[in-house]
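Chain by chain, the residues run as shown.
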Amino acid sequence: MSYGDRMSSTRTARSEERRAEILRAALDVIAERGYRGASLSAVAERVGLTQQGLLHHFPTKEALLVAVLADRDRWDAVPDSRWRLDLLGSLVEYNAMRPGIVQTFSALLGESVTEGHPARGFFTRRYVGVRESMAEVLRAEYGERLPSGLTPERAAPLLVAVMDGLQYQWLLDPESVDMPGAFRDFLTLLGEAAPQG
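Keep in mind that this is a model prediction, so the values were computed, not measured.

Take the overall build of the protein chain next. Tallying secondary structure elements over the protein chain gives 9 helices and 0 strands in all. Counting helices and strands in the order they occur from the N terminus, the protein chain gives α-α-α-α-α-α-α-α-α. Expressed as a percentage of the 197 residues in the protein chain, the buried residues total 39%. Sequence-distant contacts, at least 24 apart, represent 60% of the contacts inside the protein chain between residues at least 6 apart. Counting only carbon and sulfur atoms, one obtains 53% of the accessible surface of the protein chain, whose full area is about 11,300 Å².

Attention shifts here to helix H6 (residues 99-112). Compared with the 20 Å implied by 1.5 Å per residue over 14 residues, the 20 Å span of H6 between its first and last C-alpha is a close match. Among the residues of H6, those classed as buried are Ile101, Val102, Thr104, Phe105, Ser106, Leu108, Leu109 and Ser112.

What follows deals with helix H8 (residues 152-172). Its 21 residues give H8 an end-to-end C-alpha distance of 30 Å, which sits within 8% of 30 Å, the value for a rise of 1.5 Å per residue. Residues of H8 that are buried include every one of Pro152, Ala155, Ala156, Leu159, Val160, Met163, Asp164, Leu166, Gln167 and Trp170, and no others.

Evaluated as defined, the whole model comprises 3 aromatic pairs. Summarising the aromatic geometry, the rings of Phe105 and Phe123 are spaced 5.4 Å apart at their centres and angled 70 degrees between planes, so their arrangement reads as edge-to-face. A residue pair is termed long-range when its members are at least 10 positions apart, and Phe105 in helix H6 and Phe123 in helix H7 (residues 120-142) qualify at 18 residues. Side by side, Phe105 and Phe123 carry an identical accessibility label, which is buried. Relative to Phe186, the ring of Phe183 lies with its centre 6.5 Å away and its plane at 35 degrees, an arrangement referred to as tilted. One end of the pair, Phe183, and the other, Phe186, are both in helix H9 (residues 179-190), 3 residues apart, so they sit about a helical turn from each other. As far as burial versus exposure is concerned, Phe183 and Phe186 are alike and both buried.

With respect to the helices, strands and loops of the structure, His117 is situated in the loop between H6 and H7. In this structure His117 comes out as buried when scored by relative accessible area, which is 4%. Separated by 3.0 Å, the side chain of His117 and the backbone nitrogen of Ala119 make a polar contact. Setting aside chain neighbours within four positions, we find His117 in contact with Tyr35, Arg36, Leu65, Glu111 and Ser112.

The next thing to look at is the nonpolar core. Counting 54 residues, the largest nonpolar core has Leu64, Leu88, Phe123, Met134 and Phe183 as its most contacted members. Only helix H1 (3-37), helix H2 (40-46), helix H4 (61-75), helix H5 (85-95), H6, H7, H8 and H9 provide two or more residues apiece to this core. The contacts of Phe123, once residues within four sequence positions are left out, are Leu69, Phe105, Leu108, Leu109 and Ser112.

Let us look at the confidence of the model for the protein chain. Across the protein chain, the average pLDDT comes to 86, with 88% of residues at or above 70. H8 holds the highest mean pLDDT among the elements of the protein chain, 96, whereas H1 holds the lowest, 79.

Its location among the elements puts Leu166 in helix H8. For Leu166, a relative accessible area of 10% translates into the label buried. Along the primary structure Leu166 and Ala182 are separated by 16 residues, whereas in three dimensions their C-alpha atoms are 7.8 Å apart. With sequence-adjacent residues up to four places away left out, Leu166 is seen in contact with Val177, Met179, Ala182 and Phe183.

Rules and cut-offs
- Residues numbered from 1 in each chain as written.
- Predicted model: local features only at pLDDT ≥ 70, side-chain atom pairs only at ≥ 80, totals over all residues.
- Heavy atoms only, no water.
- Helix = DSSP H or I, 4+ residues; strand = E, 2+ residues; numbered from the N terminus.
- Buried < 20%, exposed > 50% of the residue type's maximum accessible area, 1.4 Å probe, protein only.
- Contact = heavy atoms within 4.5 Å.
- Areas by Shrake-Rupley, 256 points an atom, 1.4 Å probe, with all protein chains shown as cover.
- Expected span 1.5 Å × (residues − 1).
- Phe/Tyr/Trp six-rings, centres within 6.5 Å; stacked < 30°, edge-to-face > 60°.
- Polar contact = N/O pair within 3.5 Å; in protein donor to acceptor, adjacent residues only side chain to side chain.
- Core = buried A, V, L, I, M, F, W, Y, C linked by side-chain atoms within 4.5 Å.
- pLDDT = per-residue confidence, 0-100.

Laid out in structure tokens, this is it:
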């Protein structure tokens, strides 16, 4: 490897480290102030950059937001994208150990339902994929029909709603809401047959 190649490799590694540092700072600022209240200058200040220096890595606030969201999804990724019900339970337990990230995600999700929000497209696309993934998880566990008689496609939005809804309840009252326990209870309900009548 030539001297020039080593220098280029070193610069690239430093740039990636700086981007990761910026993303962590942005996550903190958004968690504290919400997306609309977060400013690029506040993020830049946290990492010891000028706003111009920050713009070198992320040309707009929207680009930074999408990078934060994509980074958060990479943390939750499962190898080969093979989710299983037991892994979903582990994800809920893991989320209970990182309230700041859950809070930021939840705040951005809530804000994104407004018209023109820069994360709206991201969340819309994300939920299409999440519902498809959850339908596959349910199909792998139960086949074409759950014990209740619902198809995986009909039950998938309910599974996603429980996961996200529990996060909001837990964030508001963590002492009263056992998020992992409540999710395990929901999985028990999923596996129960509908009453015959």
